[in-house]
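Results of the structural survey
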Amino acid sequence: MIEFKVLVASVQKVSHCSLSVFLGTAVALIILASGFLLSAQVSPRITLNPPDPSHQNSTCTKYSYCNGCMLDPDCGLCYKLNKSSVIESSCIPVDKDSTMKAAWGRCSNETVFKKEDLFWAYNFCPTPYSWTALLGLILYLVFFAPGMGPMPWTVNSEIYPLWARSTGNACSSGVNWVFNVLVSLTFLHTAEYLTYYGAFFLYAGFAALGLVFIYGCLPETKGKKLEEIESLFENRLCTCGMSDSDEGRYIEYIRVKGSNYHLSDNDASDVE
């Protein structure tokens, strides 16, 4: 029970650091996108174009660099390494039954191409900047897991009044999962048209917009009662919390004939 309370308190504490979370997530996405961008700029050149034994017009032979070959889900890179340099590289159609080997050519037999010091790369390019993308991914998980992951559930449990809490949580949960599905369904298409670094730069832009929205429209709820939190949203949207005229305002709820009435401190003295 004690561990559960500590966990809840830590999540609530982190959830109030929304600006830091969004900023960290945006920076992590930028680093991740930069890693893919650097990898694309130093993408190995295709030096071999072996003929297709099946005499089919494959799209893999039209690529001059590994980056284009990587973005094509039907192609992979077969290459050798000379120390850290890629040599004798060719873009070959991937095997229909397994992405671990090519459909034909030098890398079509896993046992043979491993003995000949050949390497097969599907959906990635050998690059010295792979650590940059890995760093961005780790930072993204570090900021997302304690922040943007639980934050929608934590914030939504605080900002709604009691009479709208169930409906508000249901709507926000639905919107959250709808966009989760949309991102999952559209990522590969987005990466195909915008490249991987373009897709992650796009996501970083959305995170930056979220940062602006959180900064301007979400008031601080730490240490406030539910009645006080409700009063924060009585003003116009994106006013960064209560105005000066709201300071010292007293809110009291009483039940009269089964209904809740909202009284100011001036009206409360008239209630019997």
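Values in this document were obtained by computation on a predicted structure and should not be read as measured data.

The subject of this paragraph is the overall build of the chain. The number of helices and strands found in the chain is nine helices and five strands. Going from the N terminus to the C terminus, the chain shows its helices and strands as α-α-α-β-β-α-β-α-α-α-α-β-β-α. When contacts within the chain are restricted to residue pairs at least 6 apart in sequence, those whose partners lie at least 24 apart make up 53%. As displayed, the chain offers around 17500 Å² of accessible surface, 62% of which is attributable to carbon and sulfur atoms.

A side chain of one charge can pair with a side chain of the opposite charge when the charged atoms of the two come close. Tallied over the entire structure, the rule returns two salt bridges. Across the pair Lys80 and Glu88 runs a salt bridge, and its minimum N-O distance is 3.8 Å. When its relative accessible area of 26% is taken as the criterion, Lys80 is described as partly exposed. The shortest N-O distance in the salt bridge between Arg106 and Glu88 comes to 3.6 Å.

This part takes up the state of the cysteines. For the coordinates displayed, the defined rule picks out four disulfides. Between Cys66 and Cys125 runs a disulfide, and the two sulfur atoms are separated by 2.0 Å. An S-S torsion of about -110° defines the bridge between Cys66 and Cys125 as left-handed. You can see Cys66 sitting in helix 3 (residues 66-71) and its partner Cys125 sitting in the loop between strand 3 (118-121) and helix 5 (130-148), a full 59 residues away along the chain.

Before going further, it helps to spend a moment on the UniProt feature "transmembrane region" (unreviewed entry) in the chain. Mapped onto this numbering, the UniProt entry gives "transmembrane region" (unreviewed entry) at residues 21-42, 129-149 and 194-218. Strand forms 0% of residues 21-42 and helix 95%; the C-alpha atoms that close the span are 32 Å apart. Within the segment residues 194-218, helix and strand shares are 96% and 0% respectively, and the terminal C-alpha atoms sit 32 Å apart.

Here strand 1 (residues 75-82) pairs with strand 2 (residues 85-93) via seven bridges, running antiparallel. Considered in strand 2, the bridge of Gly76 is made with Ile92. Between strand 1 and the antiparallel strand that follows it, strand 2, lie two residues; Lys83 among them carries a positive phi value of about 60°.

There is a patch of nonpolar side chains on the surface, built from Leu134, Leu137, Ile138, Leu141, Val142 and Phe143 and spanning about 520 Å² of accessible area. Among the structural elements, Phe143 can be located in helix 5. For Phe143, a relative accessible area of 30% corresponds to the partly exposed category.

With 19 residues, helix 5 extends 26 Å between its outermost C-alpha atoms, agreeing within 8% with the 27 Å of an ideal straight helix rising 1.5 Å per residue. Restricting attention to buried positions, one finds in helix 5 the residues Thr132, Ala133, Gly136 and Gly147. Taken down its axis, helix 5 places every buried residue within 90° of arc, on the same side. Exposed residues on helix 5 whose side chains face more than 90 degrees from its buried face are Trp131 and Ala145.

So, on to the side chain of Thr127. Structurally, the position occupied by Thr127 is in the loop between strand 3 and helix 5. On the basis of relative accessibility, which here comes to 16%, the residue Thr127 falls in the buried class. Within polar-contact distance, the side chain of Thr127 engages the backbone nitrogen of Tyr129 at 3.2 Å. If we skip the residues at most four places from it in the chain, Thr127 touches Ser39 and Val42.

The phi dihedral of Glu88 is positive, around 50°, even though this residue is not glycine. Considering the arrangement of structural elements, one finds Glu88 in strand 2. Residue classification places Glu88 among the partly exposed positions, given a relative accessible area of 35%. The backbone phi angle of Asp117 is positive, close to 60°, even though this residue is not glycine. By secondary structure assignment, the location of Asp117 is in the loop between helix 4 (110-115) and strand 3.

Below, the discussion takes up the packing of aromatic side chains. Evaluation of the coordinates by the stated rule reveals eight aromatic pairs. Ring geometry for Phe187 versus Tyr196: centroids 6.0 Å apart, planes at 50°, classification tilted. Pairing Phe187 with Tyr203 gives two aromatic rings, centres 6.4 Å apart and planes at 25°, and the pair type is stacked. Linked through ring pairs, Phe36, Phe187, Tyr196, Phe200 and Tyr203 together constitute an aromatic cluster.

Definitions and cut-offs
- Residues numbered from 1 in each chain as written.
- Predicted model: local features only at pLDDT ≥ 70, side-chain atom pairs only at ≥ 80, totals over all residues.
- Heavy atoms only, no water.
- Helix = DSSP H or I, 4+ residues; strand = E, 2+ residues; numbered from the N terminus.
- Contact = heavy atoms within 4.5 Å.
- Areas by Shrake-Rupley, 256 points an atom, 1.4 Å probe, with all protein chains shown as cover.
- Salt bridge = Lys/Arg side-chain N within 4 Å of Asp/Glu carboxyl O.
- Buried < 20%, exposed > 50% of the residue type's maximum accessible area, 1.4 Å probe, protein only.
- Disulfide = S-S within 2.5 Å.
- UniProt positions renumbered as here; feature names shortened; annotations may be inferred.
- Pairing = 2+ DSSP bridges.
- Patch = residues over 30% accessible without salt bridge, like charges linked within 9 Å, V, L, I, M, F, W, Y side chains within 5 Å.
- Expected span 1.5 Å × (residues − 1).
- Arc of directions from axis to C-beta.
- Polar contact = N/O pair within 3.5 Å; in protein donor to acceptor, adjacent residues only side chain to side chain.
- Phe/Tyr/Trp six-rings, centres within 6.5 Å; stacked < 30°, edge-to-face > 60°.

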